Amino acid sequence: TSTVEGLCMIQIRVWDWPTRLFHWTLAALIIALVITGNVGGNAMVWHFRCGYGVLSLLIFRIIWGFCGGHWSLWRHLAFTPALVWQYLRPSAPRTNFLGHNPLGSLSIIAILGLLGLQVSTGLFSDDEIANSGPLVRFVSESTVSLATRWHKGYGKTIILVLVAIHLLAILWYLIKKKENLTRAMLTGDKSVETPAPSSKDSPTHWLLALVCILISAGLVFALINLGASPI
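Residues numbered from 1 in each chain as written. Predicted model: local features only at pLDDT ≥ 70, side-chain atom pairs only at ≥ 80, totals over all residues. Heavy atoms only, no water.

Some thoughts on the pattern of salt bridges
Then comes step 1: Counting across every chain of the model gives four salt bridges.
Then comes step 2: Measuring nitrogen to oxygen at the nearest pair gives 4.0 Å for the salt bridge that ties Glu179 to Lys190. One end of the pair, Glu179, is in the loop between α6 (154-176) and α7 (181-187); the other, Lys190, is in strand β3 (residues 189-192), with eleven residues separating them in the sequence.
Then comes step 3: Glu179 sits in the partly exposed class, given a relative accessible area of 28%.
Then comes step 4: Three or more residues are tied together by salt bridges with common partners; here these are Arg13, Arg20, Asp189 and Asp201. (Salt bridge = Lys/Arg side-chain N within 4 Å of Asp/Glu carboxyl O. Helix = DSSP H or I, 4+ residues; strand = E, 2+ residues; numbered from the N terminus. Buried < 20%, exposed > 50% of the residue type's maximum accessible area, 1.4 Å probe, protein only.)

See below:
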């Protein structure tokens, strides 16, 4: 516990280690994907590897949303239309969301969904020079062309815009609301005035996360090697 302006604040573990590692690893891989995609050439080998890493993380996050820490569970994302509308109304009473608020929840769903679409189209893309996704032989040329246009054009642009909005929102919360969201994602803890459920974050929990990421990586490995196997 700590004291802020006469109030006794309670430290609550909101983001468990696996969720935090997922977040920062995903951020690093997105940066690496942008760099390697723009450099091209030999860097494309790492572009593909980073893409497979992102796909593994996305599958992990889907699984973790059912068995992870309390505030990482899908059922605690507050993104129903009613909640979003209430949150946006200036006259609505302010509600403190210990996990993601409604806009943050929508942002997470949008970014994860579009990242899923982006890496999926990458599996079917072909630059007609030296690089092609591992699953191009399973679809028609028109599908490959469509996937490639999305992957190199609209998909990449939309994701970069969403990431920029996400970063600006974090900055806005820091400046306007004096809420350091980055610190919470680094330490895992938030200070609250009233008791709230804490996320499990123990070695047993980490072992479960390790099993989940190994399963996710195994699924991706099987998927990308499917293209190398005879039909």
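Considering the nonpolar core
Then comes step 1: Grouped together as the largest cluster of nonpolar side chains are 24 residues, with contacts concentrated most on Phe22, Leu26, Val54, Leu58, Phe60, Leu112 and Leu115.
Then comes step 2: Among the secondary structure elements, those contributing two or more residues to this core are α1 (17-39), α2 (44-67), α4 (102-123) and α8 (203-226).
Then comes step 3: The greatest single-element share of this core, amounting to seven residues, is contributed by α2.
Then comes step 4: If we skip the residues at most four places from it in the chain, Phe22 touches Leu57, Leu58, Phe60, Arg61 and Leu112.
Then comes step 5: Core analysis: the next-biggest nonpolar cluster, separate from the first, contains eight residues, Val14, Trp15, Met185 and Val192 among them. (Core = buried A, V, L, I, M, F, W, Y, C linked by side-chain atoms within 4.5 Å. Contact = heavy atoms within 4.5 Å.)

Re the layout of surface pockets
Then comes step 1: Counted as a void, the second largest pocket has a volume near 730 Å³.
Then comes step 2: Only α1, α2, α4, α5 (141-152) and α6 provide two or more residues apiece to the lining of the second largest pocket.
Then comes step 3: Looking at the lining of the second largest pocket, the element that brings in the most residues is α2, giving seven residues. (1 Å grid on protein atoms, 1.4 Å probe; cavity = no way out; pocket = protein on both sides within 12 Å on 5 of 7 lines; lining within 4 Å. Points joined across faces, edges and corners; volume = space filled by probe spheres on them.)

Focus: α5
Then comes step 1: With twelve residues, α5 extends 16 Å between its outermost C-alpha atoms, agreeing within 8% with the 16 Å of an ideal straight helix rising 1.5 Å per residue.
Then comes step 2: Along α5, the residues that are buried comprise Val144, Ala147, Thr148 and His151. Within α5, the buried residues cover an arc of 100° as seen down the axis, which keeps them to one side. Of the exposed residues in α5, the ones pointing more than 90 degrees away from its buried face are Ser142, Leu146 and Arg149. (Expected span 1.5 Å × (residues − 1). Arc of directions from axis to C-beta.)

Regarding α8
Then comes step 1: The terminal C-alpha atoms of α8 lie 34 Å apart, and with 24 residues this matches the ideal 34 Å at 1.5 Å per residue to within 8%.
Then comes step 2: Among the residues of α8, His205, Ala209, Cys212, Ser216, Val220 and Ile224 are the ones counted as buried.
Then comes step 3: Buried-residue contacts for α8 involve α1, α2 and α4.

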